[in-house]
Amino acid sequence: MSSNVSSNVLSSCNPSASTRFSNCALVEIIHLHDCLRNALAALQSDALLLQKTYSASPTTSPPHSPSVVHYAQVASGRFQVIWSVFQAHSKAEDDYIWPCLKAKQERNIKEGKQHDRQVLDKIREEEYEEDHEEEEELFSQLGLLFKKLRHIMSPLHPPDSPPPLGKTIEQIVHSTIHITSHLNTHLLKEETECMPLITQSLTPDEITSLVGEIMGTRSSEQMKEIMKLTVENLPGDEQENMVKHMNKAMEGTFFEKWLSMGGWYKTSSSAPDTPLPPPGITDSVTDTLSPLSRGRSNSSCSALNVETRSTDSSSLSSSTNNNNHRSQTTLPLACDNCRDIGGCPSHNPSVSDAEIEKVIRRISQDPNLSGQEKSNTIQTLRNTIWNAKKARRRKEEDSSDNNSASGSAQKRNLSDVTTTSPAFPPPQPLAGKKSMLDSRRTVRPRLYYKRLAGGEVVLVKSSTALTPIPLFSSEELAPTHHSPTTLGCPHYPRSCKLRHPVSGRLYTCRLCCDQSNQTIGKEADLKLDRHSVTEILCMSCNALQPSSEKCVNPACPSPNFASYTCLLCNLFDGTPEKNIYHCPFCNVCRSGKGLGIDYRHCMRCNACVSIKEKEHVCISQTLQGNCPVCTETMFESTQPLRRLKCGHVMHLTCFNQYAQRGQQYTCPLCKKSVDDMSEYFELLNQAIKSQPMPNGYEDARAKIYCQDCQEYDEVVFHFVGLKCGGCGSFNTRELERLGVGTDSG
């Protein structure tokens, strides 16, 4: 069976299209076309095999043959994934590609490029929309057939009641063949008509931006389905090529980290379980970095010039001399931005989060770098830090596991654990002194569940050297409350606590850990990395267990931790009627209904913006900095943010305070107007008309600089305000006053 499917899959690809668009962002769509073709071929094979198995099955009534049930489930599951991915593909074409083409051609015609009218006439948007409607109807009919199939195969279905199983399977086979033929024709038409039209009409940068906009509306669930389709239907080299172009279209985002944390694997005969490498860590990381990390001497981040796939400091090269070291260690050599903190923060375990943010601010303010170079360097630095930490942790865990002589079946699954060691050693904030909290950690949790190497979760009944049951203080194990009747903390209603991946201490959430570190009299702990949490404590039954959506204790009185759970972020939030989604490009959870619904991810800003904002000013990595008012970080802030007209962002509460203080209406960073000020400027116009200038100032003029349109001008002077002659803004700065007597100032 597998050989037949493979031949069908390979024969359905269109290598000429991949070659034609290999140097264009549209190759990403070609890869998706290949995935759909191959998946449809596999679905057709599944349906035929189901029919063949059913015909050979001696049982024609419930309970049916296990083989029939198995192939029915496989075909139904594959169909659901194909349908979901195709819907996203059609929506992108209808909502983005055709409107973009029409807008570009109409703009060119207005500018006098009459030859573009012929291109506009070739746009047959209605024809493609009709195809999409017909294909959606075909998918709906096939979906009903699979629903009918599940109903017939249910043990509760009467054996003799219609419709018969064999007839339904036959209808599924015919529908699958029909929809496969129809979609293959449609996809070929896109590659021979639509895509050449795109390359003819748009520049390469515009095409890359268009693909980024399309990807920015795809939710985490849709991206998972696309990756699943990729792994199942493309050979290993094409998988890597697809991920490479995905990452190029989403350059400057955290998609690489999301992809790595999701555990996607490439399917090949030689290495079936080899994970897809993050796009930033191919054979040479320098191939994917910005020109900054390849050619600059003093400003370049030398630790990013990795020559091998390893992230260990011994494999790093640098173009600077060893005088940049703080001490004689194996840390990588530092560039100017990292020099005074002892080396690149990606490979210096003693560098604090505050120092990392300091380096990022320096990079963002470096006048020698372009905006794209700043964006690439900051993103690559963050990814390298994450990968280096992960590599160190796994190396320590491998060393610890290799020292164990017995009980190998009970070792932890290193793919599921990201802590620094199996024993969760407590931190030592004061060198040579025992922590006061550690002396109080004498209480075991009521139950302790552990995940074995094979993924099975078992109950640890007694503490051993290999699987010690951790100890906590009574304060750590005590339940906390969001309200008098709801478990949780002041930040989130939830019924679980997070175990710190380094210190092993229990906190209800990461913000509680931050607050504890700021509390006088509390022992300081490391910042809680939400992505590295592997164990949680159920506050309902006091069971310590691997991180999951529900409590694994079968006797737990309240097994649901929260109404919303994200195991990538380890976020548990039980706030009623609160909409939350995980953005695969920010790689954090955001408030909202989801990408493509009320938000989209802007690849240039690397931020989620309202889908209602058709146009906004893009500022690279706009959320990576700090709020200009309170100087707190914004990327992972739980407070609402306010995007200004100029593109800069600040906390909403900070904006309200800033606007009320002195009636400020200019951005504190760039001094442009924060919003549409036309009504206010009209009031100033009326004030100027009603208040003529006194004697000596009738002919006064002023040279100004407009902070909104960034142009210089010479205008009539008035003490109410100086109006820009270009854009009509009063947000101007007086440079020189002309035509005024010396005695009048």
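About the thresholds
Residues numbered from 1 in each chain as written. Predicted model: local features only at pLDDT ≥ 70, side-chain atom pairs only at ≥ 80, totals over all residues. Heavy atoms only, no water. Axes fitted to C-alpha atoms, helices over the stretch in contact; angles between N-to-C directions. Helix = DSSP H or I, 4+ residues; strand = E, 2+ residues; numbered from the N terminus. Parallel < 35°, antiparallel > 145°, perpendicular 65-115°, else oblique. Left-handed = near helix turned anticlockwise from the far one by under 90°. Contact = heavy atoms within 4.5 Å. Nonpolar A, V, L, I, M, F, W, Y, C, P; charged D, E, K, R; others polar. Core = buried A, V, L, I, M, F, W, Y, C linked by side-chain atoms within 4.5 Å. Buried < 20%, exposed > 50% of the residue type's maximum accessible area, 1.4 Å probe, protein only. Pairing = 2+ DSSP bridges. Expected span 1.5 Å × (residues − 1).

**Some points on the packing of helix α4 (residues 66-110) against helix α9 (residues 220-233)**
So, point 1. Two elements in contact, α4 and α9, have axes whose closest approach is 10 Å; the angle formed by their N-to-C orientations is 120 degrees. Overall, the two elements α4 and α9 adopt an arrangement that is oblique. Judged by the sense of rotation from one axis to the other, the crossing of α4 with α9 is left-handed. Every residue of α9 that contacts α4 at R78, V81, I82, S84, V85 and A88 is listed here: Q222, E225, I226, K228, L229, E232 and N233.
So, point 2. Counted by class, the contact of α4 with α9 contains six nonpolar, three polar and four charged residues.

**Quick notes on the nonpolar core**
So, point 1. In this structure, L149 and M246 are the most contacted members of the largest nonpolar core, which totals 105 residues.
So, point 2. The biggest single contributor to this core is α4, with 14 residues.
So, point 3. Among residues more than four places away in sequence, those in contact with M246 are E28, M215, M223, I226, M227 and F255.

**Considering the environment of L183**
So, point 1. For L183, the location among the structural elements is in helix α7 (residues 165-201).
So, point 2. Relative accessible area serves as the criterion here: at 2%, L183 is assigned to the buried category.
So, point 3. For the pair L183 and H33, spaced 150 residues apart in sequence, the C-alpha to C-alpha distance is 9.7 Å.

**A closer look at the sheet that holds strand β2 (residues 457-459)**
So, point 1. Judged by pairing direction, the sheet is mixed, and its six strands sit side by side in the order β2-β1-β8-β7-β5-β6 without closing on themselves. Whereas interior strands pair on both sides, the edge strands pair on one side only; in this sheet they are β2 and β6 (506-507).
So, point 2. The pairing of strand β5 (residues 496-499) with strand β7 (residues 535-538) spans three bridges and is classified as antiparallel. Among the inter-strand pairings, K497 is bridged to a residue of β7, identified as L537.

**Quick notes on α9**
So, point 1. In a regular helix each residue adds 1.5 Å, so 14 residues correspond to 20 Å; α9 covers 20 Å between its end C-alpha atoms and thus fits that length.
So, point 2. For α9, every residue scored as buried is listed here: S220, M223, I226, M227, L229, T230, V231 and N233.

**A word on the environment of S22**
So, point 1. Examined against the element boundaries, S22 turns out to sit in the loop between α2 (15-20) and α3 (27-56).
So, point 2. Overall, the relative accessible area of 32% leaves S22 in the partly exposed class.
So, point 3. Along the primary structure S22 and N241 are separated by 219 residues, whereas in three dimensions their C-alpha atoms are 9.8 Å apart.
So, point 4. With residues near it in sequence (within four places) discarded, S22 still touches V27 and H245.

Without other data, these values stay purely geometric and don't point to any function.
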